[in-house]
Amino acid sequence: MHPLPRSLVPLTGESLPGFILRLSHRLNVPPLHIARMAEGRSEPTSSHIRHRLLLELDPSDAVAFAHATRLSLAEVMELTLAGWKERYPPIGASSETTSRAGRDPWLFISPRHCPNCLAGDASPLQKQLGGAWQKAWHLPVVFACLEHKRYLEHHCRRCGAAESGTDALIHRANDPSLHPAQCRRQAAQPSLAKRRTSACGTRLERTRPRKEALQPTERILRLQGHILDLLAPGHPPEEASQYFTDLRLVAALVTSSWPQTRSLVDGEVVALMDTYVHNVQAAGNTAGERNRVLHTPPRDAALCAALLSASHTLLQARDLRNTLAELLESSRKNGTLRDTWSRLFNRLESSCSARVRHAAEPLTRTFRRASGPHGSTGMFRSDYRPEHVPAFLDPRWFEEHFSDLEGITPKILRRTASVRLVHWVSGGSMNEAAEFLGISPGRMQFTLANDAHRWSRALHGPAVFEKALHDLADQLAAETDPIDYHYRRSVLEDWNLSRGEWQALVNRLSPTSGAPQPVLDDRKRQDASIFIWSHVTRGEHLFAPRPIEAGKTEHVQRAWANRRHTTWFQLTRPDALPHYAELRELLVEHADSLARQIDAGAAPPRARERLWLPSQPSPSPPPRQTRTPEISGTRWIRSYYDDLDTWSYFELDSEGWALRHVDLQGPTLKPVTAAALSEVLGIRDSGDRTAMAVYQHTYGILAEGSLDGWEETDCAAEITSTEFERVWGPAREAITSTRDH
C-alpha cells in the first residue's frame, strides 16, 4: 500500500474516525478509501466501516496505516480508544465481540459533540477542516466540554436524527464532498435532483446554544473534571475501572427506582428526568427490551449528567448497603423485575470496587442461582465462624435487626436467618447448613429458591431481609468474644436433668396451696431439660434431645408428645402462671450456670437413667394415704409411677437421700432395682469402674439426689420399716438369684 500524497498531524484527543474525515476532505477521497488502509483490506467488500477501528487496530494494520498516512505507530495507536481499555471496562467488553448486538451500550459509536470544539482555532488548517472529533465524546461519561462550559450536543438540531437509522461509525462513507463538521445523516426530505436521499449537510460547528438551553452547573463541571482525571495517564487504571463500573451499577438503580432519587437532581432537569424515566419504564413489549433500555445511558448530555451526578452522590453514602437496599425496594415497587439489577451486578461484579461488592452481594444473594443440582455454593463470607451462629436466632438480634419486617412469621424468620448465616461462611447447600445447626432437613427444607420465593411475597421484599441479615453478619464478625454454640450443642447432645438436679430445683419452688397440685414427674423433668438446652444452645426446642422420653414405651412417648407444646407454652409465655414463672426463673439460673461451666471447658454432669424399660400396661395408682407425723432419722416411703407401671420403695436418711432403693415393675411386680448406698459408696471408693457398671446392670441405679418434698406429691406415701423390709429381702434375693444363674 503506497503512502498517501499528503497527510495530517493528529490533533490532541482526536479519534480515528475524526482523523479519517479530516484527511478525506483534504485529499478529496472517500472516507471509506482511507478506512480500508486501517482495516487491512485492499479491496472494498462493503461500504461499512467496522466499529473495531474506534476501539483498537491489529498491530500489522496499525503499521500499514502509519506507513500510508506518514504517521508514527504511536500516533496511530493514540487515535483509538485502546489506551483507555484498562480504565473504562466497556471498551474491553466491546473489543471482545464482533457483532453489533454484543457491543457494550456504555460506549457510543456515534459520538456527541461540542460545536465550539468542531469550529477549531484560528489556524489556516483548522479554518479549512475544522477542529477534532474527540475520542472522549464516544464515552457516555463525557457529557460536557470544560473549555466552553457547555453540554455536548447529541444530535443535529436541524434534522434531529441522531437516533435514527444504523449506528454507523461514519455515515455516507463513500461521500468525499462533505465537510468533517457537516451532519452526514440522511436529510429529512429527499433531493429533487436525485432519486436517492442526500445528507442533511448542516454545519454542526456553527450551532449556537439557544437561550433556553440548559447549562451545566459548577457541580456538574466538577464531576466532569473528576471523570476526565480518571481517564488521564496519571491515575491508577484499576481505581478508574472500578469507579466507572460502580457508577454504571448505581445509575441503573437510579433509573429503575425513580422518583426515589429525585432530590439528587437539579431542579431544571427534574422534569426531563421524569419524562425520560417514564419512557424507559414503558419501553418495549418484553422485559428483555425494557432491561436493555434501562441499562443504556441516555444520549441527551444533560440527562446523562444528572443521572451520573446522582449516582456519584449515592456512591459517597456512608451506609452504602442500606442505600442500595432502599433503591432496590423502590425498583421493585415500580414494577422492575426482581432479578434485573442482580443479573447486571453478577455480570459486572468482577470489575466493581470492593466497597460496592461488599454492599451489593447480600442484596443480590436471594436471587442468584445456586450451582449444582442441590443448590450447592461456595463460601460467601469468611469474617466469622459457623459455630458462632445459634440454631435459632437470638431474640435480641431478632428485635434489633428484623422486628420491623412483616409478611413472614418470626419463627420461620429466626430459623431461616440462622441457616443463611451458616451457609454464607460454610458453603455447600442450605440443607447441609441446617444439619450443622442440628435442624433436621427432612422436616425443614431450606433452599435458595424457596427462600427467595417466600420473601418475594413478603411486604418488604427480599432485599430488605438480605440487608438486615448482612448487618447482623457484620455485627457477628465484630464480636471480640463470640460464643461457640456448636460446642455447646455437642456437649449437650444427649444431656438431661438428673433426678437429683431436678429434685433440687423443685425443692426451691414455693408451696402451692389448694388443688390441683403441679405435676413434677419425669415428663416435666424432660420439658425442663429442653428449656435449659434451648437457653444454653439458643436452639429451637423442636430439635432438642429427649433422652428421658426415648427410654419410654411408644404409648408413653405419644402421650408426652401431646403435652410437649403445652408445657413449653406455659414456660415461655410472658404472662406465665405463678408456678411456671417461678420454675422458669430457676431453670434460667441453672442454664446460665451450665453455660458458664461448658464455656470454661468443664463437662456437665450426666444423668443416668434406668437400664430397663416397662413393657406392661399400668395398673390403677394407689390411693393417697394420710401423712404420718414427721419423725427424725430414717424414713421409708413408697411411690407409684403410672407412666412406668412401677412401684418404687425408698429408705431415706434424715436429709431425704436414698439409703436403699427397690423398684417392682409391671403387674407381676418383677424386681428390677435393689440397690444400697453403702454398696455403691464402697465400689466408688475403690475406683473400679467395671465393678460399678456390673453392679448397676445387676441391681439397678440408686436414686440420685434428695427426695425431700415427697409429701407434696400425689403418688407417694410413707410406710413402716417392716413393710420396706418385706419388699427389700425378696427383691434382693430374686435379683441375686437371677445374676447367679
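As a reminder, the structure under discussion sits directly above these lines.
The rules behind these values
Residues numbered from 1 in each chain as written. Predicted model: local features only at pLDDT ≥ 70, side-chain atom pairs only at ≥ 80, totals over all residues. Heavy atoms only, no water. Axes fitted to C-alpha atoms, helices over the stretch in contact; angles between N-to-C directions. Helix = DSSP H or I, 4+ residues; strand = E, 2+ residues; numbered from the N terminus. Parallel < 35°, antiparallel > 145°, perpendicular 65-115°, else oblique. Left-handed = near helix turned anticlockwise from the far one by under 90°. Contact = heavy atoms within 4.5 Å. Pairing = 2+ DSSP bridges. Nonpolar A, V, L, I, M, F, W, Y, C, P; charged D, E, K, R; others polar. Buried < 20%, exposed > 50% of the residue type's maximum accessible area, 1.4 Å probe, protein only. Salt bridge = Lys/Arg side-chain N within 4 Å of Asp/Glu carboxyl O. Core = buried A, V, L, I, M, F, W, Y, C linked by side-chain atoms within 4.5 Å. Patch = residues over 30% accessible without salt bridge, like charges linked within 9 Å, V, L, I, M, F, W, Y side chains within 5 Å. Areas by Shrake-Rupley, 256 points an atom, 1.4 Å probe, with all protein chains shown as cover. Phe/Tyr/Trp six-rings, centres within 6.5 Å; stacked < 30°, edge-to-face > 60°.

A. Quick peek at the packing of helix α1 (residues 16-27) against helix α2 (residues 31-39). It is at 8 Å that the axes of α1 and α2 come closest, and there the two elements cross at 130 degrees. Here α1 is positioned oblique relative to α2, judged by the angle of their axes. Note on packing geometry: the crossing formed by α1 with α2 is right-handed. Residues I20, L21, L23 and S24 of α1 pack against P31, I34 and A35 of α2.

B. Structural detail: the sheet that holds strand β3 (residues 635-641). With respect to topology, five strands assemble into an open sheet ordered β6-β5-β4-β3-β7, the strand pairing being antiparallel. The sheet is open, and its two borders are formed by β6 (670-676) and β7 (716-719), each paired with just one other strand. Put simply, the sheet's adjacent strands are angled 20 degrees from each other on average, direction ignored. As judged from the four bridges shared by β3 and β7, these two strands associate in the antiparallel manner. For S639, the partnering residue across the bridge sits in β7 and is A716. Contacts from helix α28 (residues 677-686) reach β5 (658-665) and β6 within the one sheet, and its direction differs from that of β6 by about 60 degrees.

C. Layout of the packing of helix α11 (residues 267-281) against helix α13 (residues 301-315). In contact at an axis separation of 10 Å, α11 and α13 are set at 95 degrees when each is read in the N-to-C sense. Between α11 and α13, the angle falls in the class roughly perpendicular. On α13, the residues touching V269, L272, M273 and Y276 of α11 are A302, L303 and A306. Looking at the contact of α11 with α13 residue by residue, the classes come out as seven nonpolar, no polar and no charged.

D. Up close: unusual backbone geometry. Each neighbour pair has its own omega, and for W258 with P259 the value is 15 degrees, a cis peptide bond. Inspection of the secondary structure puts P259 in the loop between α10 (237-257) and α11. In the Ramachandran plot, K149 falls in the positive-phi region, its phi being about 50 degrees despite a non-glycine side chain. Structurally, the position occupied by K149 is in the loop between β1 (144-145) and β2 (150-151). Positive phi, close to 55 degrees, is recorded for L669, a residue that is not glycine. Residue placement: L669 occurs in the loop between β5 and β6. Under the relative-accessibility criterion, L669 is labelled partly exposed at 39%.

E. Here's a closer look at the pattern of salt bridges. Enumeration according to the criterion identifies 27 salt bridges in this entry. The shortest N-O distance in the salt bridge between E540 and R415 comes to 2.7 Å. On the criterion of sequence distance, the pair formed by E540 in the loop between α24 (522-537) and α25 (547-550) and R415 in helix α18 (residues 410-426) is long-range, its members being 125 residues apart. For E540, a relative accessible area of 3% translates into the label buried. We note a salt bridge from R660 to E725, for which the minimum N-O separation is 2.4 Å. Remark: E725 occurs in helix α30 (residues 721-740) and R660 occurs in strand β5; sequence separation between them is 65 residues.

F. Local environment of the nonpolar core. Counting residues in hydrophobic clusters, the biggest one holds 106 residues, and the most contacted among them are L139, V141, F143, F244 and W341. Once residues lying within four places of it in the same chain are set aside, the contact partners of F143 are R112, Y151, L152, I220, L223, Q224, I227, A301, A305 and L308. In terms of nonpolar packing, the next biggest core, distinct from the first, is built from 29 residues, A658, A675, Y695 and V727 among them.

G. Expanded view of a nonpolar patch on the surface. On the surface, V63, L73 and M77 cluster together to form a nonpolar patch covering roughly 240 Å² of accessible area. Relative to the helices and strands, M77 resides in helix α5 (residues 73-78). Looking at M77, the relative accessible area reads 31%, which means it is partly exposed.

H. Inspection of the pairing of β3 at higher detail. When you tally the buried positions in β3, you get five out of seven residues, the bulk of the element. The pairing of β3 with strand β4 (residues 646-652) spans seven bridges and is classified as antiparallel. Residue pairing in the sheet places I637 in a bridge with F650 of β4.

I. Representation of the packing of aromatic side chains in the model. For the coordinates displayed, the defined rule picks out eight aromatic pairs. Between Y88 and F244 the ring centres are 5.3 Å apart and the planes differ by 70 degrees, which places this aromatic pair in the edge-to-face class. Of this pair, Y88 sits in the loop between α5 and α6 (89-95) while F244 is found in helix α10, placing the two residues 156 residues apart along the sequence. Grouping residues by exposure puts Y88 and F244 together as buried. When the ring of W133 is compared with that of W137, the centres are 6.1 Å apart and the planes differ by 75 degrees; the resulting orientation is edge-to-face. The class of W133 is buried, set by a relative accessible area of 12%. Given the relative accessible area of 5%, W137 is considered buried. Members of the aromatic cluster, connected to one another through ring pairs, are Y88, Y243 and F244.

By themselves, these are just geometric observations and shouldn't be taken as functional.
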